[in-house]
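Listed below, chain by chain, are the residues.
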Amino acid sequence: MCGLDFEPRNEFCVRLAWRSKPTMSSLFEEIISLPNLFAAWREFIKGKNKKGDVLEFAADLEEHIFLLHDDLANGKYRHGGYTTFIVSDPKPRRIHKACVRDRLLHHAVARVLCPYFDGRFIFDSYSSRKGKGTHAAIKRFRDFAWRISRNRTRTVWILKMDVRKYFASIDHNILFSLFEKSFFGDGRLRDLLWEIINSFHAEKGKGIPLGNLTSQLFSNIYLNPLDQFVKRRLCAGQYIRYADDIFILSHNRNCLANTLARMERFLEGVLALRLHPAKIHIMQWHRGVDILGFVSSPTKTILRTKTRRRMIKRLVEASDFDEQYEALYSRMKYER
């Protein structure tokens, strides 16, 4: 877990470039193709078919999609602005909502690029990926912990951290360089990605919006250099990341402290990010570890009280409460 130091930003990004290079024009053409745009619409509309802006767009659906296709094909597409609102989840979060036309494009982009990138991420990245998610991450966490504990004969130490204001801190130029230097050679695709990236600023040159589907992909791409650095250079095999929540397990507390220092230097030097100082913890598994809304210990994994209350509140607001409550109750019994 104690490998070599990291390299300067540009050289490291270049060396992380994915080797296989598809035909870039084919990727762009696939994104803007009418079959892909209509398929993206069918995905986008799920659960939204009673929203006013969605109904308005759907009233002339074919015309809107054909116009979007023409604008993309002719290089005339321009991303619109955002509507901002606050949600409590449970802490207040500022959500930025694009117009229906732009959100439809986000789905079209994600449908093509997500499968391409997924095979290039590490196995233990669990956010916004098909077949992953919180339950898979928690299962992997427990598998790691039991392996290290050697049937509870050794202390398992966990380094837990997250990135301070992650989405708001993503640097547009660094994110774009991860696309450009990795494998994109078609100017039309680069221009389209830059248009989406540059459509939002938390501050000048930084930030991606929480409301965009593409932001989920971008956030995984942005932290992929960190994943590769920790796995390949620091040789930290028991490493799990869910969005900006990071967990590393070891039987050696001192090695975790050393790993933390080197990760902090990497994040600041390569990705222009900082860890949240109040959310860095090195703890023991047998005392219980808060992970992704659950509390895990050697004997069980249970929902946090706050998580349970928030889920029940949402179910009460749903029309099919009885059916969903039964599903929730079975999840509440989730334990090893």
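That block above? That's the structure.
As the structure is a prediction and not an experimental result, all values here were calculated from the model.

## Remarks on the layout of surface pockets
1) Next: Approximately 390 Å³ is the volume found for the second largest pocket.
2) Next: In terms of lining, the second largest pocket is formed by 15 residues, of which the most central are Ala110, Cys114, Pro115, Ser128 and Lys130.
3) Next: For the lining of the second largest pocket, the secondary-structure elements that each account for two or more residues are α6 (100–118) and α11 (213–233).
4) Next: A per-element tally of the lining of the second largest pocket places α6 first, with six residues.
5) Next: Class assignment of the residues belonging to the lining of the second largest pocket gives a composition of six nonpolar, four polar and five charged.

## A closer look at the sheet that holds strand β6 (residues 281–284)
1) Next: Read across the sheet, four strands follow the order β4-β5-β3-β6 without closing on themselves; strand pairing throughout is antiparallel. Unpaired on one side and paired on the other, β4 (239–242) and β6 mark the two borders of the sheet. Sheet twist, expressed as the mean angle between neighbouring strand axes with direction ignored, is 20 degrees.
2) Next: As judged from the four bridges shared by β4 and strand β5 (residues 245–250), these two strands associate in the antiparallel manner. Paired with Ile240 across the bridge in β5 is Phe247.
3) Next: Lying on the sheet, α11 is in contact with β4 and β5; it crosses β4 at an angle near 170 degrees.
4) Next: Where helix α12 (residues 253–270) meets the sheet, it contacts β3 (157–162), β4, β5 and β6, and its direction lies at approximately 20 degrees from that of β3.

## Structural notes on the packing of aromatic side chains
1) Next: Under the criterion given, the structure shown has 15 aromatic pairs.
2) Next: Residues Phe38 and Phe66 carry aromatic rings whose centres are separated by 6.5 Å and whose planes lie at 70 degrees to one another, so their mutual orientation is edge-to-face. Here Phe66 lies in helix α5 (residues 61–73) and Phe38 lies in helix α3 (residues 34–44), a separation of 28 residues in the sequence.
3) Next: Judged by its relative accessible area of 40%, Phe66 is partly exposed.
4) Next: Ring geometry for Phe123 and Tyr126: centres 6.4 Å apart, planes at 85 degrees, overall edge-to-face.
5) Next: Here Phe123 falls in the exposed class, since its relative accessible area comes to 53%.

## A short note on α6
1) Next: Helix length check: α6 (19 residues) gives 26 Å between terminal C-alpha atoms against 27 Å at 1.5 Å per residue, within 8%.
2) Next: The principal kink in α6, of about 30 degrees, is found at Ala110.
3) Next: Where burial is concerned, most of α6 is hidden: 14 out of the 19 residues are buried.

Rules behind the numbers
- Residues numbered from 1 in each chain as written.
- Predicted model: local features only at pLDDT ≥ 70, side-chain atom pairs only at ≥ 80, totals over all residues.
- Heavy atoms only, no water.
- 1 Å grid on protein atoms, 1.4 Å probe; cavity = no way out; pocket = protein on both sides within 12 Å on 5 of 7 lines; lining within 4 Å.
- Points joined across faces, edges and corners; volume = space filled by probe spheres on them.
- Helix = DSSP H or I, 4+ residues; strand = E, 2+ residues; numbered from the N terminus.
- Nonpolar A, V, L, I, M, F, W, Y, C, P; charged D, E, K, R; others polar.
- Pairing = 2+ DSSP bridges.
- Axes fitted to C-alpha atoms, helices over the stretch in contact; angles between N-to-C directions.
- Contact = heavy atoms within 4.5 Å.
- Phe/Tyr/Trp six-rings, centres within 6.5 Å; stacked < 30°, edge-to-face > 60°.
- Buried < 20%, exposed > 50% of the residue type's maximum accessible area, 1.4 Å probe, protein only.
- Expected span 1.5 Å × (residues − 1).
- Bend = angle between axes of the 7 residues up to and from the residue.

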